[in-house]
Amino acid sequence: MRRSLIRVGGLLVAIVALVGPHALSAQNELVGVWQAVERSGTGPEGEWTDQPVQPSLYIFADGYYSIMFVAGSESRPLLAEDATRDGLTEDQLRSIFMTFVANSGTYEIEGSSLTVRPTVALWPNYMEGGSTIYEYEIEGDELVLTTGDFIVAGSYRTKLVRLR
């Protein structure tokens with residue numbers, strides 16, 4: 001149960017929101033900044049593991065989220081210092097953007113399910129009513145997200161550790 005006090009005219013009014021205690025505790029456990037330490041899954045070509053895990057940042061706060069990570073186990077190639085957007089080749093563009101995942105929006109928790117709905121995403125079609133449902137587990141400062149993924153057409157598991 002969540003209580004808030006607001007002033008209406010000269011009266012102080014208490015507002016009580018009946019929210020399940022599990023939803024609030026799960027929401028509070030998830031709030032923070034996380035980084036992937038393991039990533040694996042199954043797809044059309046079988047099982048895979050990203051080793052080493054490339055840079056990532058997952059942020060959850062007050063019903064909003066932001067997820068950014070480099071997929072795969074290879075670092076993205078650096079470009080020449082004088083490189084410009086207009087001067088990039090198709091292969092360079094593919095190597096930069098096809099392995100980068102970025103989306104931010106809102107999230108909801110129901111039981112052990114975490115649903116994210118992007119407001120903005122690198123993949124434009126995902127912004128048009130897309131969502132991803134993860135099964136999640138939190139134990140201390142470790143978070144495990146598991147989902148079927150629309151890109152790999154299989155299952156996807158990410159283990160994260162809390163940075164903050």
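Residues numbered from 1 in each chain as written. Predicted model: local features only at pLDDT ≥ 70, side-chain atom pairs only at ≥ 80, totals over all residues. Heavy atoms only, no water.

## Thoughts on the overall build of the chain
No. 1: Of regular secondary structure, the chain possesses three helices and 11 strands.
No. 2: Out of the 164 residues in the chain, the part that is buried amounts to 29%. (Helix = DSSP H or I, 4+ residues; strand = E, 2+ residues; numbered from the N terminus. Buried < 20%, exposed > 50% of the residue type's maximum accessible area, 1.4 Å probe, protein only.)

## What about the side chain of arginine 39?
No. 1: By the secondary structure assignment, arginine 39 is in strand β3 (residues 32-43).
No. 2: The side chain of arginine 39 is buried and forms no salt bridge, while aspartate 50, the nearest opposite charge, is found at 4.0 Å.
No. 3: At a separation of 3.4 Å, a polar atom in the side chain of arginine 39 contacts the side chain of tyrosine 58.
No. 4: A polar atom in the side chain of arginine 39 sits 3.1 Å from the side chain of tyrosine 156.
No. 5: Arginine 39 has contacts with Trp48, Thr49, Asp50, Val53, Gln54, Ser56, Tyr58, Phe69, Val70, Tyr156, Arg157 and Thr158, leaving out every residue within four places of it along the chain. (Lys, Arg positive; Asp, Glu negative; His and termini not counted. Salt bridge = Lys/Arg side-chain N within 4 Å of Asp/Glu carboxyl O. Polar contact = N/O pair within 3.5 Å; in protein donor to acceptor, adjacent residues only side chain to side chain. Contact = heavy atoms within 4.5 Å.)

## Details of the pattern of salt bridges
No. 1: What the rule picks out here adds up to seven salt bridges.
No. 2: One salt bridge in this structure joins glutamate 90 and arginine 94, with 2.7 Å as the shortest N-O distance. Residue glutamate 90 and its partner arginine 94 are located together in helix α2 (residues 90-97), separated by four residues, close to a single helical turn.
No. 3: On the basis of relative accessible area, arginine 94 is assigned to the partly exposed category, the value being 39%.
No. 4: Arginine 94 is the partner of aspartate 91 in a salt bridge, and the nearest nitrogen-oxygen pair spans 3.0 Å. Of this pair, aspartate 91 and arginine 94 both sit in helix α2, three residues apart, which is roughly one turn of that helix.
No. 5: Within the structure, one salt-bridge network assembled from shared partners comprises Glu38, Glu142, Arg157 and Lys159.

## Quick word on the confidence of the model for the chain
Any segment with low pLDDT has predicted coordinates that should not be analysed in fine detail.
No. 1: Averaged over all residues, the pLDDT of the chain equals 84, while 81% of them reach at least 70.
No. 2: At the level of individual helices and strands, the chain shows its lowest average pLDDT in strand β2 (residues 11-17), which scores 42, and its highest in strand β5 (residues 56-61), which scores 98.
No. 3: Scored below 50 in pLDDT, residues 1-8 makes 23 contacts in the model with residues more than four places away or belonging to other chains.
No. 4: Note on residues 11-23: pLDDT is under 50 here. Beyond four places in sequence and across chains, it has 23 contacts. (pLDDT = per-residue confidence, 0-100.)

## Digging into the nonpolar core
No. 1: By size, the foremost hydrophobic cluster in this structure holds 22 residues, and its most contacted members are Leu30, Tyr58, Phe60, Tyr107, Leu114, Leu143 and Leu145.
No. 2: Those elements that provide at least two residues to this core are β3, β5, β6 (64-70), β7 (100-110), β8 (113-121), β9 (132-139), β10 (142-149) and β11 (154-162).
No. 3: Here leucine 30 is in contact with Phe60, Tyr107, Ile109, Leu114, Ile138 and Leu143, once residues within four sequence places are set aside. (Core = buried A, V, L, I, M, F, W, Y, C linked by side-chain atoms within 4.5 Å.)

## Some details on a nonpolar patch on the surface
No. 1: A grouping of Leu57, Ile59 and Leu163 is seen on the molecular surface, where their side chains present a nonpolar patch of about 230 Å² in accessible area.
No. 2: Within the fold, leucine 163 resides in the segment after β11.
No. 3: Note on leucine 163: relative accessible area 47%, which makes it partly exposed. (Patch = residues over 30% accessible without salt bridge, like charges linked within 9 Å, V, L, I, M, F, W, Y side chains within 5 Å. Areas by Shrake-Rupley, 256 points an atom, 1.4 Å probe, with all protein chains shown as cover.)

## Comments concerning the pairing of β9
No. 1: Side chains of β9 alternate between two faces, with Thr132, Tyr134, Tyr136 and Ile138 buried and Ile133, Glu135, Glu137 and Glu139 left unburied.
No. 2: One ladder, built from four bridges, connects β8 with β9; its direction is antiparallel. Looking across to β9, one finds that threonine 115 is bridged to isoleucine 133. (Pairing = 2+ DSSP bridges.)

## Observations concerning the packing of aromatic side chains
No. 1: All chains considered together, the criterion is met by four aromatic pairs.
No. 2: Between phenylalanine 69 and tyrosine 156, the ring centres sit 6.4 Å apart and the planes meet at 35 degrees, which makes this aromatic pair tilted. Highlighted residues: phenylalanine 69 in strand β6 and tyrosine 156 in strand β11, separated in sequence by 87 residues.
No. 3: By relative accessible area, tyrosine 156 is classed as buried at 9%. (Phe/Tyr/Trp six-rings, centres within 6.5 Å; stacked < 30°, edge-to-face > 60°.)

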